[in-house]
Amino acid sequence: MSLIIPLIAGEEMKFTIGIDGGGTKTEAICINPQGEEIGHFWGKQSNPFSLSAEHATLHITSLLDNIFSQPLFPVRDCNGICLGIAGVDRDQERKMLSDGIEHYFSQLRVKIPFCIKNDAEIALMAAFGEMNGIIAIAGTGSIVFGVTKSGERYRVGGWGHLLGDEGSGYQIGLHTLQAVAKSHDGIYPATRLTGLVLQHIGGDSPQDLKSYVYNKNIGKREIAGLAKLCIAACNHDDEVARQIIDEAASQLARLVLALRQKNANFQHSSIAVAGSIFGHSGRFRDTFCRIIAESGATNKIIPAAHPAAMGAARIALQLSGRNEA
């Protein structure tokens, strides 16, 4: 799927590409040298911790193939690419992807400057237009990330779905499945979640959850996708669903409060929020903001102004400028 903003006929178009690679989808935005969006593309997920590094690279290069196949975006006019990939922080993690990207460019016989950042860095750039402030992300996974004006970087959370991901779609989806099981056992009260989940998985009884969850084809993406059922039940005043949403939002807020304590400069930094859970659940947003306020923190909380891929495109634009200097 793609969206292309047409230019004036005959206008030369140099461009840079920002890519946001997550556990559910990969999003790409092309911008011109003035920083204006001129193309928007989507592809399959590319989180190397949900897929193999080889499959993640294949999905990224397939998306690039789609972009470069468009008449307005020939590869020769690409000045730089920034890839923001979920969970990629260390050099060895970046190398998993950079080798494949370099091989891809060698096959095209081009040299395009590129960099690999984690998804929090590009989301912060998208939110503020600079690398300064705090961002809390709640999508398939979750993380809280902050950068001071002097460039010091801090993160809390982002440990992945087995070690953390507080407030994420995966955590909400997993707790949704567990709630159905506990309701069936009589530990939780009856909940609208039972019918929603069974309809979603095509099951007849909560006991069918086991065959669904332990199916080798059910992974992080599928579990995270169940968060929408919990949000829907919460919107219909289901008490069990409300508790799941409230607890997830509270846990993410506590990660933000922990990050604030790591540097005095964060005491007055704005906090941007991003990700599908913030976007789809008003109760999640309200609970998150309430926990922050009840702590005594006076930070301004704002929604991210642009998708994370735009932040990556801005970093790519900076990269292309350094390359030309």
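Placed above this text is the structure.
Since the model is a prediction, treat every value here as computed from it, not as a measurement.

Peer 1: I would appreciate a short explanation of the overall build of the protein chain in the present structure.
Peer 2: Summing up its helical and strand segments, the protein chain has 12 helices and 11 strands in all. In terms of overall dimensions, the protein chain is globule-like: its C-alpha atoms have a radius of gyration of 21 Å, near the 20 Å expected for 325 residues. In terms of principal-axis extent, the alpha carbons of the protein chain reach across some 65 × 45 × 40 Å. Total accessible area on the protein chain is roughly 15,300 Å²; 51% of this is exposed by carbon and sulfur atoms.

Peer 1: So what exactly am I meant to see when it comes to the nonpolar core here?
Peer 2: The nonpolar side chains of a soluble globular protein tend to be buried, and buried together. By size, the foremost hydrophobic cluster in this structure holds 47 residues, and its most contacted members are Val144, Ile172, Leu193, Leu252, Phe284 and Phe288. Ranked by residue count, the leading element in this core is helix H9 (residues 239–260), at 12 residues. The residues contacting Ile172, other than those within four sequence positions of it, are Gly167, Ala227, Cys230, Ile244, Ile245, Ala248, Ile277 and Phe284.

Peer 1: Just checking my understanding: could you explain the side chain of Thr57 for this structure?
Peer 2: One can find Thr57 in helix H1 (residues 53–68). Not counting residues up to four positions away in its chain, the partners in contact with Thr57 are Met96, Leu97, Gly100 and Ile101.

Peer 1: How should I be thinking about the environment of Arg221 in this particular structure?
Peer 2: When you line up the elements, Arg221 lands in helix H7 (residues 220–225). We classify Arg221 as partly exposed; its relative accessible area is 38%. Considering only alpha carbons, one finds Arg221 and Gln45, 176 residues apart in sequence, at a separation of 8.9 Å. If we skip the residues at most four places from it in the chain, Arg221 touches Gly23, Thr24 and Gln45.

Peer 1: Explain a nonpolar patch on the surface to me, please; I cannot follow it from the model alone.
Peer 2: On the surface, Trp159, Leu162 and Leu163 cluster together into a nonpolar patch covering about 450 Å² of accessible area. Within the fold, Leu163 resides in the loop between strand S9 (153–156) and helix H4 (169–185).

Peer 1: It is not clear to me how the pattern of salt bridges should be interpreted in this structure. Could you clarify?
Peer 2: Pairs may arise between side chains of opposite charge once their charged atoms sit close together. With the rule as written, the count across this model stands at 11 salt bridges. With a shortest N-O distance of 3.8 Å, Arg242 and Asp237 are connected by a salt bridge. Take Arg242: its relative accessible area is 17%, and that puts it in the buried class. Residue Asp237 is classed as exposed on the basis of its relative accessible area of 57%. Across the pair Arg242 and Glu239 runs a salt bridge whose closest N-O atoms are separated by 2.1 Å. With a gap of three residues between them, Arg242 and Glu239 both fall in helix H9, about one helical turn apart. It is possible to trace a salt-bridge network through shared partners that takes in Asp91, Arg94, Glu121 and Arg153.

Peer 1: Help me understand the sheet that holds strand S7 (residues 133–138) in this model?
Peer 2: Hydrogen bonds between backbone groups are what pair the strands of a sheet, and the pairing can be parallel or antiparallel. The strand order S9-S8-S7-S10-S11 describes an open sheet built from five strands, whose pairing is mixed. At either margin of the open sheet sits one strand with a lone partner, and together these are S9 and strand S11 (301–303). Taken over all neighbouring pairs, the strand axes of this sheet differ in orientation by 20 degrees on average, direction set aside. In the packing of H9 onto the sheet, the strands contacted are S7, strand S8 (142–147), S9 and strand S10 (271–274), and the crossing angle to S8 comes to about 25 degrees.

Peer 1: What should I look at first to understand unusual backbone geometry in this one?
Peer 2: Leave glycine aside and you will find that most residues have negative phi; peptide bonds, for their part, are mostly trans. Positive phi outside glycine occurs at Arg109, with the angle close to 60 degrees. Locating Arg109 in the fold gives a position in the loop between helix H2 (91–108) and strand S6 (114–118). Taking relative accessible area as the criterion, Arg109 reaches 78% and is therefore assigned exposed. Of note in the backbone geometry, Asp165 takes a positive phi value of approximately 60 degrees without being a glycine. Residue placement: Asp165 occurs in the loop between S9 and H4. Residue classification places Asp165 among the buried residues on the basis of a relative accessible area of 2%.

Peer 1: Teacher, can you tell me more about the packing of aromatic side chains here?
Peer 2: Here a ring pair, both rings aromatic, is described through the centre-centre distance and the interplanar angle of the planes. As enumerated under the stated definition, the model contains seven aromatic pairs in all. Judged by centre distance (5.1 Å) and plane angle (80 degrees), the rings of Phe15 and Phe73 are edge-to-face. Of the two residues, Phe15 sits in strand S2 (residues 15–21) while Phe73 sits in the loop between H1 and strand S5 (78–85), which places them 58 residues apart along the sequence. Per residue, the accessibility class of Phe15 equals that of Phe73, and both read buried. Through successive ring pairs, a cluster of aromatic residues spans Phe15, Phe41 and Phe73.

Cut-offs used in this document
- Residues numbered from 1 in each chain as written.
- Predicted model: local features only at pLDDT ≥ 70, side-chain atom pairs only at ≥ 80, totals over all residues.
- Heavy atoms only, no water.
- Helix = DSSP H or I, 4+ residues; strand = E, 2+ residues; numbered from the N terminus.
- Rg over C-alpha atoms; globule rule 2.2 N^0.38 Å.
- Areas by Shrake-Rupley, 256 points an atom, 1.4 Å probe, with all protein chains shown as cover.
- Core = buried A, V, L, I, M, F, W, Y, C linked by side-chain atoms within 4.5 Å.
- Buried < 20%, exposed > 50% of the residue type's maximum accessible area, 1.4 Å probe, protein only.
- Contact = heavy atoms within 4.5 Å.
- Patch = residues over 30% accessible without salt bridge, like charges linked within 9 Å, V, L, I, M, F, W, Y side chains within 5 Å.
- Salt bridge = Lys/Arg side-chain N within 4 Å of Asp/Glu carboxyl O.
- Pairing = 2+ DSSP bridges.
- Axes fitted to C-alpha atoms, helices over the stretch in contact; angles between N-to-C directions.
- Phe/Tyr/Trp six-rings, centres within 6.5 Å; stacked < 30°, edge-to-face > 60°.

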